[in-house]
Amino acid sequence: MKFTLSASWTWDYHPIGNAEYLALNLVSDEGEKFFFNTCYRKEDLLSLPQTGQAFTVEDALLLTDFQDGLYDINLQDRWCMPLALTALACARFVRLPNPSGGRMYLPYGGREAIYRGQVVSLYAKEGGVGDFIVLDDLPDGDVYRLMLLNNEWDLGRYVLKQGMMVRVSSSVICPYRSVDISRRTVRYA
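Residues numbered from 1 in each chain as written. Predicted model: local features only at pLDDT ≥ 70, side-chain atom pairs only at ≥ 80, totals over all residues. Heavy atoms only, no water.

## Let's talk about the confidence of the model for the protein chain
Threshold: Scored from 0 to 100, pLDDT reflects the predictor's confidence in each residue. We call two residues contacting when some pair of their heavy atoms lies within 4.5 Å.
Averaged over all residues, the pLDDT of the protein chain equals 89, while 93% of them reach at least 70. When the criterion is pLDDT under 50, residues 183–189 qualifies, and its contacts beyond four places in sequence or with other chains add up to 30 contacts.

This is how it looks when you write it as structure tokens:
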């Protein structure tokens, strides 16, 4: 199944249990309609797209950046589109969490460029690594928004779930899996 960005793609909401979740109506190149549920409830959103709001040029540019970043790490095709769509929804609409990092993540100290769509890693002081996609082209001060790509990441006191946003200083952001660790790691699926 192939999808080409289209004006027929629209934002929507879908009820699951007692909550409404942000979703996208998609149309394949063959004309088949699909519904993509994000992991974001209405309460998680800072701004609410209107039901039926068309996919914009900004949406298309973000989606392309996120897909490119995921392909750069050779992620399988079956994971790229759902993760890129989730990153798009996260970047566009999700409420900002408080910045974190100094207490939970190891400093990296690298001076590599950080760019939107790049897949990066954070290393926890308690052990383990989480993989994230960068949601911003430019930081807010020195703080970037990142979205977790792994199914979950247990940080001891906190468990992050796929799609959760964190805001961290560039000092803790590492290029994807750049530090060799033999401790506990996490997977995408």
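## Describing the environment of Tyr144
Stated precisely, the cut-off is as follows: Counting from the N terminus, the helices are the DSSP runs of H or I reaching at least four residues and the strands are the DSSP runs of E reaching at least two. Think of it in three bands: with a 1.4 Å probe and only protein chains considered, a residue is buried below 20% of the maximum accessible area for its type, exposed above 50%, and partly exposed in between.
Its place among the elements puts Tyr144 in strand β6 (residues 143–148). Judged by its relative accessible area of 8%, Tyr144 falls in the buried class. As a C-alpha pair, Tyr144 and Ser169 span 25 residues in sequence and 6.3 Å in three-dimensional space. Apart from residues lying up to four places away in sequence, Tyr144 is in contact with Ile114, Val134, Asp136, Asp137, Leu138, Pro139, Val166, Arg167, Val168, Ser170 and Ile173.

## Concerning the pattern of salt bridges
The condition that has to hold: A side-chain nitrogen of Lys or Arg and a carboxyl oxygen of Asp or Glu constitute a salt bridge if their distance falls within 4 Å.
One pass over the structure, following the stated rule, counts 11 salt bridges. One salt bridge in this structure joins Glu20 and Lys42, with 3.4 Å as the shortest N-O distance. Highlighted residues: Glu20 in strand β2 (residues 19–27) and Lys42 in the loop between β3 (33–41) and α1 (57–72), separated in sequence by 22 residues. Using a relative accessible area of 34% as the deciding quantity, one classes Glu20 as partly exposed. The partly exposed category is assigned to Lys42, whose relative accessible area is 29%.

## Notes on the sheet that holds β3
For clarity, the threshold we go by: Strand pairing follows a simple DSSP-based rule, namely that at least 2 bridges must link the two strands. Only the stretch in contact is used when a helix axis is fitted, and all axes are lines through C-alpha atoms; the angle between N-to-C directions ranges over 0 to 180 degrees.
Pairing in this open sheet of three strands is antiparallel, and the strands run β1-β2-β3 from one edge to the other. Strands with a single pairing partner mark the edges of an open sheet, and in this sheet they are β1 (10–16) and β3. Across the sheet, the axes of successive neighbouring strands diverge by a mean angle of 35 degrees, strand direction being ignored. Together, β1, β2 and β3 form the strand contacts of helix α2 (residues 77–93), whose direction differs from that of β3 by roughly 50 degrees.

## Some words on the pairing of β3
Inspection of the sheet shows β2 paired to β3 by six bridges, in the antiparallel sense. Bridge pairing in β3 places Ala23 opposite Asn37. Taking the residues between adjacent antiparallel strands as the criterion, β2 and β3 are bridged by five residues, where Gly31 takes a positive phi near 90 degrees.

## Quick look at the nonpolar core
Soluble globular proteins tend to bury their nonpolar side chains together. What counts here: Throughout this description, the term nonpolar core refers to a set of buried Ala, Val, Leu, Ile, Met, Phe, Trp, Tyr and Cys residues connected via side-chain atoms within 4.5 Å.
Core analysis: the largest hydrophobic core is formed by 36 residues, its most contacted members being Trp11, Phe55, Phe66, Leu70, Ile133, Leu135 and Met147. Examining the composition of this core, we find that 11 residues originate from one element, α2, more than from any other. With 18 residues, the next largest nonpolar core counts Tyr105, Val120, Leu148 and Val172 among its residues.

## A look at the sheet that holds β6
Spatially, the five strands line up as an open sheet ordered β9-β6-β5-β4-β10, and their pairing is antiparallel. This sheet does not close on itself; its edge strands, each paired only once, are β9 (165–169) and β10 (174–175). Examined bridge by bridge, β6 and β9 share five bridges and lie antiparallel to one another. Of the residues in β9, the one forming a bridge with Leu146 is Val166. Against the sheet, α2 engages β5 (129–134), β6 and β9, with an angle of about 140 degrees to β6.

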